[in-house]
Amino acid sequence: MPREKGDSLTIEDTPTGCRLVGEVDATNAERLKTYIGGRIEPDRDFIVDCSALTFMDSSAVHAILDVAGQMGGGALVFRGCAPNLRRLFEVIGIEDMAPVVIE
């Protein structure tokens, strides 16, 4: 899913989930939520490659929590998180609130 004009996020399909490139913020968090929500399958993990993600704000965290509630037995697995993103997830305690795994 390429970037839309003025958007700072590209979502690339992968066999087991997606790769995020750029920034997730209030302008595109809903698009990310809709994208993941449309691809999750019951009892299967959805892998989100964050190695090219440079920024995530609170609206993105809310979107993640919303979609994580729809996982149906699987987990949202975030891989390749930069230290600032790992710290954000740690401070929020996201792994304690939803079926989310930070690798």
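Given the structure is predicted, the values throughout are model-derived calculations rather than measurements.

Mind showing me how you'd approach the packing of aromatic side chains here?
Think of a pair of aromatic rings as described by two things: how far the centres are apart, and how the planes are tilted against each other in angle. Tallied over the entire structure, the rule returns 1 aromatic pair. Pairing Phe78 with Phe89 gives two aromatic rings, centres 5.3 Å apart and planes at 50 degrees, and the pair type is tilted. One end of the pair, Phe78, is in strand β4 (residues 76-79); the other, Phe89, is in helix α3 (residues 83-92), with 11 residues separating them in the sequence. Overall, Phe78 belongs to the buried group, its relative accessible area being 1%. Note on Phe89: relative accessible area 2%, which makes it buried.

Could you clarify how one ought to interpret the nonpolar core in this entry?
Here is a general trend for soluble globular proteins: nonpolar side chains tend to be buried in one another's company. Judged by nonpolar contacts, the single largest core of 31 residues is most densely connected at Leu76 and Phe78. For this core, the element with the most residues is helix α2 (residues 58-68), which contributes 6 residues. With residues up to four places along the chain from it excluded, the contact list for Leu76 reads Ile36, Phe46, Val48, Ile64, Val67, Ala68, Met71, Pro99, Val100 and Val101.

What exactly am I supposed to notice about the pattern of salt bridges here?
Opposite charge on two side chains makes pairing possible when the charged atoms of those side chains draw close. Applying the stated criterion across every chain yields a total of 7 salt bridges. A salt bridge links Glu103 to Arg79, with the nearest nitrogen and oxygen atoms 2.4 Å apart. In this pair, Glu103 is assigned in the segment after β5 (100-102) and Arg79 in strand β4, connecting sequence segments 24 residues apart. With relative accessibility at 37%, the residue Arg79 sits in the partly exposed group. Bridged by salt links that share partners, the residues Glu12, Arg19 and Asp49 form one connected network.

Quick question: what am I supposed to make of the pairing of strand β2 (residues 17-24) here?
In regular strands, side chains alternate between the two faces of the sheet. With respect to burial, β2 is a largely interior element, 6 of its 8 residues being buried. In sequence, strand β1 (residues 9-14) turns back onto β2 through a hairpin of 2 residues. The pairing of β2 with strand β3 (residues 46-56) spans 7 bridges and is parallel. Of the residues in β3, the one forming a bridge with Gly17 is Ile47. Handedness of the β2-helix α1 (residues 29-39)-β3 crossover: right-handed.

Just to check I follow, could you spell out the side chain of Arg31 for this structure?
Looking at the secondary structure, you find Arg31 in helix α1. In this structure Arg31 comes out as buried when scored by relative accessible area, which is 13%.

I tried to follow the sheet that holds β4 on my own but got confused; where do I start?
The strand order across the open sheet built from 5 strands is β1-β2-β3-β4-β5, with neighbouring strands paired in mixed fashion. Each edge of the open sheet is held by one strand with a lone partner, namely β1 and β5. Going across the sheet, the axis of each strand differs from the next one's by a mean of 20 degrees, ignoring polarity. Pairing between β3 and β4: 4 bridges, direction parallel. If you follow Val48 over to β4, its bridge partner there is Phe78. Docked against the sheet, α1 engages β1, β2, β3 and β4, running at close to 10 degrees with respect to β1. In the packing of α3 onto the sheet, the strands contacted are β3, β4 and β5, and the crossing angle to β3 comes to about 110 degrees.

Scoring rules and cut-offs
All residue numbers refer to position in the chain's written sequence, counted from 1. It should be noted that, the model being predicted, local features are given only for residues of pLDDT at least 70 and side-chain atom pairs only at 80 or more, the latter also being counted only at that level, while totals for whole chains, interfaces and linings use all residues. Only hydrogens and water are set aside when side-chain values are computed; all heavy atoms of the structure are taken into account. Between 30 and 60 degrees the pair is tilted, below 30 it is stacked and above 60 it is edge-to-face, where a pair is any two Phe, Tyr or Trp rings, Trp via its six-membered ring, whose centres lie within 6.5 Å. Helix and strand definitions follow DSSP, with helices as H or I runs of at least four residues and strands as E runs of at least two, each counted in order from the N terminus. Only protein chains enter the accessibility calculation, which uses a 1.4 Å probe; a residue whose area is less than 20% of its type maximum is buried, one above 50% is exposed, and one in between is partly exposed. Side-chain atoms within 4.5 Å are what join buried Ala, Val, Leu, Ile, Met, Phe, Trp, Tyr and Cys residues into a set we call a nonpolar core. We call two residues in contact whenever any of their non-hydrogen atoms come within 4.5 Å of each other. We define a salt bridge as a side-chain nitrogen of Lys or Arg found within 4 Å of a carboxyl oxygen belonging to Asp or Glu. Should DSSP find at least two bridges between two strands, the strands are taken to pair. When the strands point away from the viewer and the connection leading from the first strand across the helix to the second strand turns clockwise, the crossover is called right-handed. Note on definitions: angles span 0 to 180 degrees between N-to-C directions of axes, and those axes are lines fitted to C-alpha atoms, for helices only across the stretch in contact.

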